[in-house]
Amino acid sequence: IVERATKATEKDAESRAQEKKKEHADASFRLYQMVEKMDKDGSGTISLSEILDGFHNMPELSRLLTLMDVSEEDLITMFELLAEEDGSASYDVLVDNLERCESDD
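Residues numbered from 1 in each chain as written. Predicted model: local features only at pLDDT ≥ 70, side-chain atom pairs only at ≥ 80, totals over all residues. Heavy atoms only, no water.

Asker: Explain the overall build of the protein here, please?
Answerer: Scanning the protein from terminus to terminus reveals 5 helices and 2 strands. Counting from the amino terminus, the protein carries its helices and strands in the arrangement α-β-α-α-α-β-α. Over its C-alpha trace the protein gives a radius of gyration of 18 Å, far above what one expects of a compact globule, namely 13 Å for 105 residues. Here the protein holds 105 residues, and the buried ones make up 30% of them. Counting only contacts in the protein whose residues sit at least 6 apart along the sequence, the fraction spanning at least 24 positions is 57%. For the protein, the accessible area works out to roughly 7,400 Å², and carbon and sulfur atoms hold 51% of it. (Helix = DSSP H or I, 4+ residues; strand = E, 2+ residues; numbered from the N terminus. Rg over C-alpha atoms; globule rule 2.2 N^0.38 Å. Buried < 20%, exposed > 50% of the residue type's maximum accessible area, 1.4 Å probe, protein only. Contact = heavy atoms within 4.5 Å. Areas by Shrake-Rupley, 256 points an atom, 1.4 Å probe, with all protein chains shown as cover.)

Below you can see the structure in the form of structure tokens.
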């Protein structure tokens, strides 16, 4: 009985871990899509003005960043650290670093 319960618990934990991994991948994909949508000039990178516009005008992005505990000030600071000399950041760099904010909680 104990052995069966242990196996069931292990299987349940494995199932939860797989579900969490899928949720993370889905959230990452949605975040990437939002960043891509914010790229108004189609440059393939995002500027500070584009991300701030998204922060203020895309409710889904605002909710997600709020859940991640990322304020507008945090977003500006992060962007300034990530931006290239031309004042832009690639989608991948921005999304990767936003995900790190979430996983650092």
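Asker: Just to check I follow, could you spell out the pattern of salt bridges for this structure?
Answerer: Proximity of charged atoms lets side chains of opposite charge pair with each other. In the structure shown here, the tally under the stated rule is 3 salt bridges. A salt bridge links Asp26 to Lys22; its shortest N-O distance comes to 2.9 Å. Here the residue Asp26 and the residue Lys22 both occupy positions in helix α1 (residues 2–38), the gap between them amounting to 4 residues, near one helical turn. The partly exposed category is assigned to Asp26, whose relative accessible area is 34%. Between Glu60 and Arg30 there is a salt bridge, and its shortest N-O distance comes to 3.7 Å. With Glu60 in helix α3 (residues 59–67) and Arg30 in helix α1, the pair connects residues that are 30 residues apart, well separated along the chain. Accessibility expressed as a relative area gives 39% for Arg30, which makes it partly exposed. (Salt bridge = Lys/Arg side-chain N within 4 Å of Asp/Glu carboxyl O.)

Asker: Explain helix α4 (residues 72–82) here, please?
Answerer: Residue pairs three or four apart in sequence face the same way in an α-helix, which turns once every 3.6 residues. Regarding α4, the residues found buried are Leu75, Met78, Phe79 and Leu82. Seen end-on, α4 carries its buried residues on one side only, within an arc spanning 100°. Those residues of α4 that are exposed and angled more than 90 degrees off the buried face are Glu73, Glu80 and Leu81. (Arc of directions from axis to C-beta.)

Asker: It is not clear to me how α1 should be interpreted in this structure. Could you clarify?
Answerer: The end-to-end C-alpha distance of α1 is 54 Å, a good match for the 54 Å that 37 residues give at a rise of 1.5 Å each. The complete set of buried residues in α1 reads Ala27, Leu31, Met34, Val35 and Met38. (Expected span 1.5 Å × (residues − 1).)

Asker: In this structure, what is going on with the environment of Met58? I would like to understand it.
Answerer: You can see Met58 is positioned in the loop between α2 (48–57) and α3. The sequence separation of Met58 and Lys37 amounts to 21 residues, and the corresponding C-alpha distance is 9.8 Å. Once you skip the residues sitting within four places of it in the chain, Met58 turns out to touch Met34, Lys37, Met38 and Asp53.

Asker: Help me out: how do you make sense of the nonpolar core in this one?
Answerer: Burial of nonpolar side chains together is a common tendency in soluble globular proteins. Within the largest apolar cluster, 22 residues are counted, with the highest numbers of intra-cluster contacts made by Leu65, Leu94 and Leu98. Those elements that provide at least two residues to this core are α1, α2, α3, α4 and α5 (91–103). Apart from residues no more than four positions distant in its own chain, Leu94 is found in contact with Val35, Ile46, Ile51, Met78, Phe79 and Leu82. (Core = buried A, V, L, I, M, F, W, Y, C linked by side-chain atoms within 4.5 Å.)

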